[in-house]
Each structure stands twice: as C-alpha cells, then as structure tokens.
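Summary of structural features
Now for the letters of each chain:
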Amino acid sequence: MSSCSSCHDKTCSAKEKQETETVAEFEQRQRLQSNLCRIKDKIVVLSGKGGVGKSTVAVNLAQTLTQKGYKVGLLDVDVHGPSVPTLLGLSGHSIRGSGDGVDPLIAGDLKVMSVGFLLQDENEAVIWRGPAKYGVIKQLLATVNWGHLDYLVVDCPPGTGDEPLATMELLGDVSGAVIVTTPQDLALCDVRRSITFCRRLSAPIYGVIENMSGFVCPHCLERIDIFKSGGSLDMTQEMGVKHLGSLPIMPEVVRAGDAGTPISQSSQHESAREAFEIVFKKLMTEIEEH
Ligand SMILES: Nc1ncnc2c1ncn2[C@@H]1O[C@H](COP(=O)(O)OP(=O)(O)OP(=O)(O)O)[C@@H](O)[C@H]1O
Ligand SMILES: [Mg+2]
Ligand SMILES: [Zn+2]
C-alpha cells in the first residue's frame, strides 16, 4: 500500500477511501446513464409557487399518458412534502430492492417512485441540506428499475431551489417543462421565475397551465373568480411561452386526490375529467411537436 500524500502515513486510509468513493461514484454515474438512456422523454412539472396543483397535474398527466398506451413512470422529488403517494393511494407502501436497484410501485399501469416511500414515517420532517437532496434525487434516478419508458413525468416541489435544480441537472436532457400556476398576480410573478429558470438551464417549455381558474357554483351556475382568472394569458404572451389552457376549481379534484384515485382514472366526475382532457390534448400536441 502506498503512503497517503497528505500525511505520508502508510496506515492512513484516506487515499484508499478516496479511490473507493470514486469507484462508487463512477458506478452510480454509469447506472444513472444507463437508466436514463432507456427513457425517451423526460417531462418536468414545475411552478414558482406552492399549492397551485403541480402534483395534481403531474399525476393526472402520467395517468393520461398511460391510458394512451405509453409506458410511463412518475417520479416525485418533493423531499419536504411528497404528495404522490396520497394522490395515488400508495401512502404507507414501501419499496423493495431487486437486483442492484429498487422496483417502482405500480398504480394501474403506471410506475411510481416517490421520496415519500423512503421515509419511515409520513409525518417525519425531513431536514436535509442541498447536497443531501441532490444525493437522494441522484440515487432515485440511478437505482429505480424503470425499464424502458416512453415518458418519465417528474413532480417537483415549488420554486427554483435544490430539488428542481438537481432534477434538471441530473436528467441532463429534459424534453420539456410544464409550468403550473394559479391566476393571481402573486403566483404569476413566481412563474416568471420558473420560466427564466428553465431558460437558464436550456430546458424547453411546453407551456403554462392556469389551475384553479374560477369556480362555477353548482347551485346557481354563477362563476366566481376566487383567484382571479385569465391572468396567465397576458403573462405567457409577454414571456413568449404557450398557454395550455385553464382548469377551474373543482371540488371533485380535491376529493379524488384525497381518495387516491386521480380524476383522469375515475369513472365518475365527467366534467372534471373533460377539463383535464382539453388541457392535456393541447399539451400532447406540444410534446409530440418538440
Ligand atoms: N383544479 C383544482 N380544483 C380544486 N382543487 C384542486 C385543483 N387542483 C389542485 N387542487 C387541490 O389543491 C391542493 C394542492 O394541490 P397539489 O398538491 O397538486 O399542489 P402542488 O402545487 O403540488 O403543491 P406543493 O407546492 O405543496 O407541492 C390539493 O388538495 C389538490 O387536490
Ligand atoms: Mg406537489
Ligand atoms: Zn350559487
């Protein structure tokens, strides 16, 4: 054994450890690359603001793509508030290792992986710094046995922080981003940042979905614009991105989400399903044209 260059001690393991880590890192990088090579399109769902419906859009988009016969994976990288397990009725499920990786969970025909499946307790508060989050997202992308996928849909937490940045960097060639917003000025301001974020990272933007855009009272059919409405139209024109349509506030979306059966998969809630279909049709055109 050669001596350590830092302390010149023959028994020091620093040099040896560094070499081992490099091998481990090299292997993980190889694994990441071979995993990503099997995925045709990588779609990232983003928003500058929290609670605007990113996870709802991601889950319903993934289910819609599955229904069209595509092979689809859904990855939830929201370290502090993973919602995908709840939205798909997979809370409390844990993952199993297989070979040198882990198998995703299955919801219908959809392959699902969430940071939430790694947590012992769903009430656990995760206190991780940037590098730890980067490591977990890298590990998920490298070790999940997705197999061949037409689409991987990634549900990101709000903002332009560690998780979206790690996701974009690790995926390398993101096919496109779907940006979700609500109509009020406060959200639109944050969405401009998401657009700039994608542009800085050279990720194409499929377009913006305006969610929670007005509410039609089921009793008198009067429309109430709770968060205002249509505000994203001017913003998208100004920023030069496509507007993919609007989804109204629909109480059945909340119920379906809490029940773990996304609207797109439900046999009830026809009008809500149609609202998603119209938006996703426009989005599919963008996805297929890119
Ligand atoms: N169009 C809609 N109508 C009614 N409720 C909705 C609609 N879209 C989303 N919701 C509800 O709003 C809540 C927040 O949605 P969701 O978790 O998808 O947002 P998010 O942007 O992913 O939040 P976070 O920033 O915490 O990740 C959920 O309870 C969801 O069911
Ligand atoms: Mg979410
Ligand atoms: Zn009314």
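Report on the accompanying structure. All values derive from a computational prediction rather than experimental measurement.

Cut-offs used in this document
- Residues numbered from 1 in each chain as written.
- Chains lettered and ligands numbered in written order.
- Predicted model: local features only at pLDDT ≥ 70, side-chain atom pairs only at ≥ 80, totals over all residues.
- Heavy atoms only, no water.
- Near = heavy atom within 4 Å.
- Polar contact = N/O pair within 3.5 Å; in protein donor to acceptor, adjacent residues only side chain to side chain.
- Areas by Shrake-Rupley, 256 points an atom, 1.4 Å probe, with all protein chains shown as cover.
- 1 Å grid on protein atoms, 1.4 Å probe; cavity = no way out; pocket = protein on both sides within 12 Å on 5 of 7 lines; lining within 4 Å.
- Sits in = over half its atoms within 2 Å of the grid points.
- Helix = DSSP H or I, 4+ residues; strand = E, 2+ residues; numbered from the N terminus.
- Nonpolar A, V, L, I, M, F, W, Y, C, P; charged D, E, K, R; others polar.
- Donors = N, O, S within 2.8 Å, 3.2 Å for Na, K, Ca; no water.
- Buried < 20%, exposed > 50% of the residue type's maximum accessible area, 1.4 Å probe, protein only.

**Remarks on the site of ligand 1**
Taken together, 16 residues surround ligand 1, and among them Gly-51, Lys-54, Thr-56, Asn-211 and Met-250 come closest. A distance of 2.8 Å separates a nitrogen atom of ligand 1 from a polar atom in the side chain of Asn-211. Between ligand 1 and Pro-248 there is a distance of 2.9 Å, counted from a nitrogen atom to a backbone nitrogen or oxygen. Coverage of ligand 1 by the protein amounts to 81% of the 630 Å² it exposes when considered alone. Using a 2 Å cut-off from the grid points, one finds that ligand 1 occupies the largest pocket. Secondary-structure elements contributing two or more residues to the shell around ligand 1 are α2 (54–67) and α8 (251–259). Top contributing element to the shell around ligand 1 by residue count: α2, with three residues. Tallied by class, the residues present in the shell around ligand 1 amount to eight nonpolar, six polar and two charged.

**Focus: the coordination of the zinc ion (ligand 3)**
Those donors, Cys-217 (SG) and Cys-220 (SG), are the protein atoms that reach the zinc ion (ligand 3), and they lie 2.2 Å from it. Classification of Cys-217 as buried rests on a relative accessible area of 13%.

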